Amino acid sequence: MAHRAGWLVVLIAVAAGGVVAMSVPAAGQAAAPAFTPRRTWDGQPDLQGIWQTANTAAWNIEDHHGELGVPAGRGVVIGGDLPYQPWALARRNEHRVHRRTADPESKCLLPGVPRATYMPFPFRIVQSATQITMFYEYAHATRNIFLNSEHPKGPIEWWMGDSRGRWEGNSLVVDVVHFTDRTWLDRSGNFHSDALHVVERYTPTDATHLMYEARIEDPKVFTRPWTMRMPLYKRQEANMELLEYECALYLLEAELTK
Amino acid sequence: MVVLVVAALAGWLPARPSGQIIYDRGATVRQPRAPAWLREKLNMRPMTTPRTPWGEPDFRGSWGTEEVTSDSIERIEDWLDPATPPTETFIVDTVDGKVPYQPWAAAERTKMRMGLSRGWPGEAGPPMHMDPQSYCVTGIPRITWRDPWLVQQSPGYVHVNIGWGHYYRTIPTDGRRIDLDPSVKLWMGLSRGRWDGDSLVVEVSNLNGKVWFDSYANFHSDRATMTERWTQVRTEQPDGTDRVSIDWSVRVDDPSVFTQPWTMNLPLRRKTPEEIWEHACHEGNERLLEGVKTHGFRWFGGIAPPPADATR
């Protein structure tokens, strides 16, 4: 009797542990068994709602220690450090020294992709048959992700790039090109060129989590493509809504009234 | 010279405007606004507002006002320059179609107009304020005629997406209360919607009073509230065809600035759907700050109404 109960306890513990472990896969672990999301009225997997990251990627996408005003954090780059070309690593380190004034965020300029995803502000996903819109609270930035369509011909230099989306199973896959070189990847000087090509994946892992991946390819800056991965958490507050962060106007007002 | 440089910086230079239309003065009649819309609504036809799959009135798609050149909410009597023809008023319920300012507020507007320095009539003063739109700002209700709206809907929400300045509005439609503390003041205010039959009624509160109604210094305070009403209507056109438009109106309530509430009313027409592409307004405006400082324009931080008992 005790022997059987013992096995039962072990079985339940394994099953419970398995369920907890599988709900939010950490970087490097095997993919979770498929979660079946609800569908929108257009038949798409429903990713709608307000989402936000809960990590320190906004400050630094690599492993970093803390400093005044900056929490320590693990990197979100799969495989470790960023594979910079030698000249680019030197440039990144130079950026880092001057980051308080050199970071485009310090001038309230648009954050670009993928940085917009992990700014410490929420964003909302709205889906329709022809496009998926990301409404960011930060600077009320928007991304119109057009479905079933091609990138326009370049050369075009947009801060937020041109986004074209498609579904692969339950994952929204977004191909983004046509960038300026004016945005950074975080507050620590990590950067890209106008050759940046981002492929994002938004995969629902349960009703309140997405797994976000962004594959970065930039042959002018990095020696190879690399991928970042992080969870997105659905904001649960009953009265949750996006408010305003009119960054550039706060700056302008301070400048013009001093 | 100062005027030309400033106008060029703000993109107003009329002689070689990019994207503006130079009208044939002989051929163009007064541009239609509210009076023409009221006349058109005399020929309304019955319509059933379509529903979204989840049963809310369906406003999805691209909608926009007709050509709005000067964006003056009051009537413009005569040509201001080759790109700015005379227009009707947006205002329907003051008898004269003018904004019903209290005397102190009318005086403020006159002062601000004199300081616009665009070389238009009445702008003879030294630079005072630039139209906040020059700083890539829009607001309620000015966003209505800024650019076409892409309206998306999800259950319980109407989302307005415009390209200009990558602005958007998120309007809950479940009739929830205005629950944000009045001390919280927003550029775009807080929008709260509810369905009234097939019409969307939107209450806008928590405004910061730093946005103008138009480029003519028409303003309100941070105590203003606004109530919009959106209704789809079908009207018969002169050629016998039907046209569906949004009958859009906004009532402005600001007893500290105006002598009465007043209402603007315009049609939003269906627009050919187009991809909304990036408008990185602030990013392209980096030189503006230098020009503003050089020419002595001051930040418009809103106007505080005088205390009610100012005579004491």
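Note: the structure precedes this text.
Residues numbered from 1 in each chain as written. Chains lettered and ligands numbered in written order. Predicted model: local features only at pLDDT ≥ 70, side-chain atom pairs only at ≥ 80, totals over all residues. Heavy atoms only, no water.

1. Considerations on the overall build of chain A
And then number 1: For chain A, the helix and strand inventory stands at five helices and nine strands.
And then number 2: Secondary structure elements of chain A, listed N to C terminal, follow the sequence α-β-α-α-α-β-β-β-β-β-β-β-β-α.
And then number 3: Taken over 258 residues, chain A has a buried fraction of 52%.
And then number 4: Across chain A, every contact between residues at least 6 apart in sequence was considered, and the portion connecting residues at least 24 apart equals 57%.
And then number 5: About 12,300 Å² of surface is accessible on chain A, with carbon and sulfur atoms providing 58% of the total. (Helix = DSSP H or I, 4+ residues; strand = E, 2+ residues; numbered from the N terminus. Buried < 20%, exposed > 50% of the residue type's maximum accessible area, 1.4 Å probe, protein only. Contact = heavy atoms within 4.5 Å. Areas by Shrake-Rupley, 256 points an atom, 1.4 Å probe, with all protein chains shown as cover.)

2. So, the overall build of chain B
And then number 1: The helix and strand tally for chain B stands at five helices and ten strands.
And then number 2: Long-range pairs, those at least 24 residues apart, make up 64% of the contacts in chain B between residues at least 6 apart in sequence.
And then number 3: By element, 54% of the accessible surface of chain B is carried by carbon and sulfur atoms, the whole surface being about 13,700 Å².

3. Overview of the sheet that holds strand β9 (residues 226-234) of chain A
And then number 1: Ordered by their spatial adjacency, nine strands build a closed barrel running β1-β2-β3-β4-β5-β6-β7-β8-β9 (chain A), and the pairing between neighbours is mixed. Neighbour-to-neighbour, the strand axes of the sheet open up by a mean angle of 30°, direction not taken into account. (Pairing = 2+ DSSP bridges. Axes fitted to C-alpha atoms, helices over the stretch in contact; angles between N-to-C directions.)

4. Some words on the interface of chain A and chain B
And then number 1: Contacts between chain A and chain B engage 41 residues on the former and 37 residues on the latter.
And then number 2: Taking both partners together, chain A and chain B bury about 3,600 Å²; carbon and sulfur atoms supply 60% of that area.
And then number 3: One can count five salt bridges joining chain A with chain B.
And then number 4: Of the charged contacts in the structure, one is a salt bridge between E253 of chain A and K210 of chain B, with a shortest N-O distance of 3.0 Å.
And then number 5: Here chain A and chain B share 20 residue pairs in polar contact (both at pLDDT 80 or more) between them.
And then number 6: At the level of secondary structure, the elements contributing two or more residues to the side of chain A that touches chain B comprise β2 (123-127), β3 (131-136), β4 (142-147) and α5 (247-256) of chain A. (Buried area = accessible area lost by both parts, 1.4 Å probe. Salt bridge = Lys/Arg side-chain N within 4 Å of Asp/Glu carboxyl O. Polar contact = N/O pair within 3.5 Å; in protein donor to acceptor, adjacent residues only side chain to side chain.)

5. Let's talk about the state of the cysteines
The bond known as a disulfide is covalent and runs between the sulfur atoms of two cysteines.
Residue and element names in this part refer to chain B.
And then number 1: According to the stated counting rule, one finds two disulfides over all chains in the structure shown.
And then number 2: Between C136 and C281 runs a disulfide, and the two sulfur atoms are separated by 2.2 Å. Every disulfide takes its handedness from the sign of the S-S torsion; for C136 and C281 that torsion is -85°, giving left-handed. Residue C136 is located in the loop between α3 (103-114) and β3 (149-154), and its partner C281 is located in helix α4 (residues 281-284); the two are separated by 145 residues in the primary sequence. Grouping residues by exposure puts C136 and C281 together as buried. (Disulfide = S-S within 2.5 Å.)

6. Description of the packing of aromatic side chains
And then number 1: Evaluated as defined, the whole model comprises 26 aromatic pairs over all chains.
And then number 2: With 5.8 Å between their ring centres and 20° between their planes, Y84 of chain A and F191 of chain A make a pair best called stacked. Here Y84 of chain A, found in the loop between β1 (49-52) and α2 (86-97), pairs with F191 of chain A, found in the loop between β6 (171-177) and β7 (197-206); they are 107 residues apart in sequence, far enough to count as distant. Just as Y84 of chain A is buried, F191 of chain A falls in that class too.
And then number 3: Between Y101 of chain B and F258 of chain B, the ring centres sit 5.4 Å apart and the planes meet at 45°, which makes this aromatic pair tilted. Taken together, the residues Y101 of chain B in the loop between β2 (61-64) and α3 and F258 of chain B in the loop between β9 (242-253) and β10 (262-270) connect sequence positions 157 residues apart. The pair formed by Y101 of chain B and F258 of chain B is uniform in burial state, with each residue classed as buried. (Phe/Tyr/Trp six-rings, centres within 6.5 Å; stacked < 30°, edge-to-face > 60°.)

7. A look at empty space enclosed by the protein
And then number 1: This structure, assessed with the given rule, holds three cavities of 30 Å³ or more.
And then number 2: The computed volume of the largest cavity comes to approximately 350 Å³.
And then number 3: The wall of the largest cavity is formed by 23 residues, among which L242 and L243 of chain A together with Y168, T170 and G189 of chain B lie closest to the centre.
And then number 4: When contributions to the lining of the largest cavity are tallied by element, the ones reaching two or more residues are β5 (168-172) and β6 (190-196) of chain B.
And then number 5: Among the elements that make up the lining of the largest cavity, the one with the highest residue count is β5 of chain B (four residues).
And then number 6: Looking at the lining of the largest cavity, its residues break down into eleven nonpolar, four polar and eight charged.
And then number 7: The calculated volume of the second largest cavity comes to roughly 190 Å³.
And then number 8: Considering the residues around the second largest cavity, the lining is formed by 18 residues, among which T142 and N144 of chain A together with I276, W277 and E278 of chain B are closest to the centre. (1 Å grid on protein atoms, 1.4 Å probe; cavity = no way out; pocket = protein on both sides within 12 Å on 5 of 7 lines; lining within 4 Å. Points joined across faces, edges and corners; volume = space filled by probe spheres on them. Nonpolar A, V, L, I, M, F, W, Y, C, P; charged D, E, K, R; others polar.)

8. Details of the pairing of β3 of chain A
Residues and elements named next belong to chain A.
And then number 1: Of all six residues making up β3, six are buried, and the element is well covered by its neighbours.
And then number 2: Side chains Q131, T133 and F135 project from β3 onto one buried face, and the interleaved I132, M134 and Y136 project onto a second face that is buried too.
And then number 3: Bridge analysis of β2 against β3 gives five bridges, and the strand direction is antiparallel. From the neighbouring strand, R124 faces β3, where its bridge partner is F135.
And then number 4: Between β2 and β3, which pair antiparallel and follow one another directly, the connecting turn spans three residues.
And then number 5: Here β3 runs beside β4; their pairing, made up of five bridges, is antiparallel. Its bridge partner being in β4, M134 is matched across the sheet by R143.
And then number 6: Hairpin geometry of β3 and β4 is characterised by an intervening segment of five residues between the two adjacent antiparallel strands and by a positive phi of about 55° at A139.

9. Digging into unusual backbone geometry
And then number 1: Backbone torsion omega between G154 of chain A and P155 of chain A reads 0°, so that peptide bond is classified as cis.
And then number 2: A cis amide bond links I140 of chain B to the next residue, P141 of chain B, at an omega of 0°.
And then number 3: Turning to its location among the elements, P141 of chain B is positioned in the loop between α3 and β3.
And then number 4: In the Ramachandran plot, A139 of chain A falls in the positive-phi region, its phi being about 55° despite a non-glycine side chain.
And then number 5: Position of A139 of chain A among the secondary structure elements: in the loop between β3 and β4.
And then number 6: For A139 of chain A, a relative accessible area of 11% gives the class buried.
And then number 7: A positive phi angle, close to 70°, is found at C136 of chain B, a residue other than glycine.
And then number 8: Assessed through its relative accessible area of 2%, C136 of chain B is described here as buried.

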